[in-house]
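Topology and contacts: notes
This is what each chain is made of:
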2 protein chains.
Amino acid sequence: MENITLTPIGLIHTPFATTGDAPRGPSSADGARGRIVVDEKYAAGLRDLEGFSHVIVVFYFDRSTTAPLLVTPPNSPVERGVFATHSPNRPNHLGLSVVRLEKIEGNVVQVRDVDMLDGTPLLDLKPYSAPGNVGEGIRQGWIDEVGGKVTG
Amino acid sequence: MENITLTPIGLIHTPFATTGDAPRGPSSADGARGRIVVDEKYAAGLRDLEGFSHVIVVFYFDRSTTAPLLVTPPNSPVERGVFATHSPNRPNHLGLSVVRLEKIEGNVVQVRDVDMLDGTPLLDLKPYSAPGNVGEGIRQGWIDEVGGKVTG
């Protein structure tokens, strides 16, 4: 299939300089504050976003250089298929995090619960709402088995 | 910022040949069935995914050629900032849908609630679980105002 070329639309600033510092997923982020700086030329696209309490951040795991098909998440005793995890080491290195929106000033979006590394390239922002097709009884495979959250 | 090159990892097959046919978001998909065909070389990464009831599909809106910063969603009377919508016409043309997983056979993932066009390039699959930082009282800005779901 043909390759796809993306252009980052901004940068995400967080307190986490290295992978060792970073939380394993937004639910482990303990409220960590971050600043999403959208390039000026895209700032007009932020209109109406402040009405949402949560935002989906789509980003690029720029410091991940490998893409194994099996990975061992921090909370799993055994290897798992990478598509059953949120490991940064994955084909295409795309990351998703739902963060809490605090405020927007011009081209800067202030958020909480960031789990990305400082300087992570931003690819997209989308408004969050609970998926309409998700009922109460979701199954989470190996995550339920280890009694944890989706991480790593 | 430097460009990023992605390689599709498969193709998504759905009943929807044109934009006019496609539902506006998974919650309008009314259970539509789709087949996600992952390239053979990535199939090993699907291990453990079948334990999840829902999967996040990350895809490329390959038939969207424009990226306006203000868009008028189907359920909105006025223009909205594109990042406050799920419009396919957006910078980087990245799409996200949460679909219900039915079964996995080899490299084929059978799902329901698809809203993508037939032949859409697949970029990633991730297990779905409800974000840990989302409480009961989420605010959905203009979406709440129009009493609708996030679409368009």
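To keep things clear, this report deals only with the structure shown in the data block. The shown structure was predicted, so the numbers you read here are calculated from the model rather than taken from an experiment.

Definitions and limits used
Residues numbered from 1 in each chain as written. Chains lettered and ligands numbered in written order. Predicted model: local features only at pLDDT ≥ 70, side-chain atom pairs only at ≥ 80, totals over all residues. Buried ≥ 20, exposed ≤ 12 C-beta atoms within 10 Å, placed from the backbone. Helix = DSSP H or I, 4+ residues; strand = E, 2+ residues; numbered from the N terminus. Pairing = 2+ DSSP bridges. Contact = placed C-beta atoms within 7 Å. Nonpolar A, V, L, I, M, F, W, Y, C, P; charged D, E, K, R; others polar. Core = buried A, V, L, I, M, F, W, Y, C linked by C-beta atoms within 7 Å. Axes fitted to C-alpha atoms, helices over the stretch in contact; angles between N-to-C directions.

**Digging into the pairing of strand β8 (residues 108-112) of chain B**
All names here are of chain B.
- Here β8 shows a clear split, with Val 109 and Val 111 buried on one side and none of Val 108, Gln 110 and Arg 112 buried on the other.
- Inspection of the sheet shows strand β3 (residues 33-38) paired to β8 by 5 bridges, in the antiparallel sense. Bridge pairing in β8 links Gly 34 to Val 111.
- Here 5 bridges tie strand β7 (residues 94-105) to β8, and the two strands are oriented antiparallel to one another. Along β8, the bridge assignment pairs Leu 101 with Val 111.
- Once β7 ends, the chain turns through 2 residues before running back antiparallel as β8, passing Gly 106 with a positive phi of about 60 degrees.

**Side note on the interface of chain B and chain A**
- Across the boundary between the two partners, chain B contributes 60 residues, which contact 60 residues of chain A.
- Elements represented by at least two residues in the side of chain B that touches chain A include exactly β1 (4-6), β4 (54-60), β6 (80-81), β7, β9 (120-127) and α1 (141-145) of chain B.
- Of the residues forming the side of chain B that touches chain A, the biggest block, 6 residues, is contributed by β9 of chain B.
- Class assignment for the residues of the side of chain B that touches chain A results in 34 nonpolar, 16 polar and 10 charged.
- Sheet topology places strand β1 (residues 4-6) of chain A next to β1 of chain B; 3 bridges connect them, and they run antiparallel. Residue pairing in the sheet places Leu 6 of chain A in a bridge with Ile 4 of chain B of β1 of chain B.

**Observations concerning the nonpolar core**
- With 83 residues, the main nonpolar core has Val 55 and Val 57 of chain A together with Val 55 and Val 57 of chain B as its most contacted residues.
- Contact partners of Val 55 of chain B, with chain neighbours within four places excluded, come to Leu 49, Val 99, Leu 101, Val 111, Leu 125, Pro 127 and Tyr 128 of chain B.

**As for the environment of Thr 18 of chain B**
- Examined against the element boundaries, Thr 18 of chain B turns out to sit in the loop between β2 (10-13) and β3.
- A sequence separation of 23 residues divides Thr 18 of chain B from Lys 41 of chain B, and the C-alpha atoms of the two residues are 29 Å apart.

**Quick look at the sheet that holds strand β8 (residues 108-112) of chain A**
Residue and element names in this part refer to chain A.
- Taken in spatial order, the 6 strands close into a barrel running β2-β3-β8-β7-β4-β9, and their pairing is antiparallel. Between one strand axis and the next, the sheet turns by 45 degrees as a mean value, whatever way the strands run.
- Pairing of strand β2 (residues 10-13) with strand β9 (residues 120-127) involves 3 bridges; the strand directions are antiparallel. Along β9, the bridge assignment pairs Ile 12 with Thr 120.

Note that all results are geometric; they support no functional claim without further evidence.
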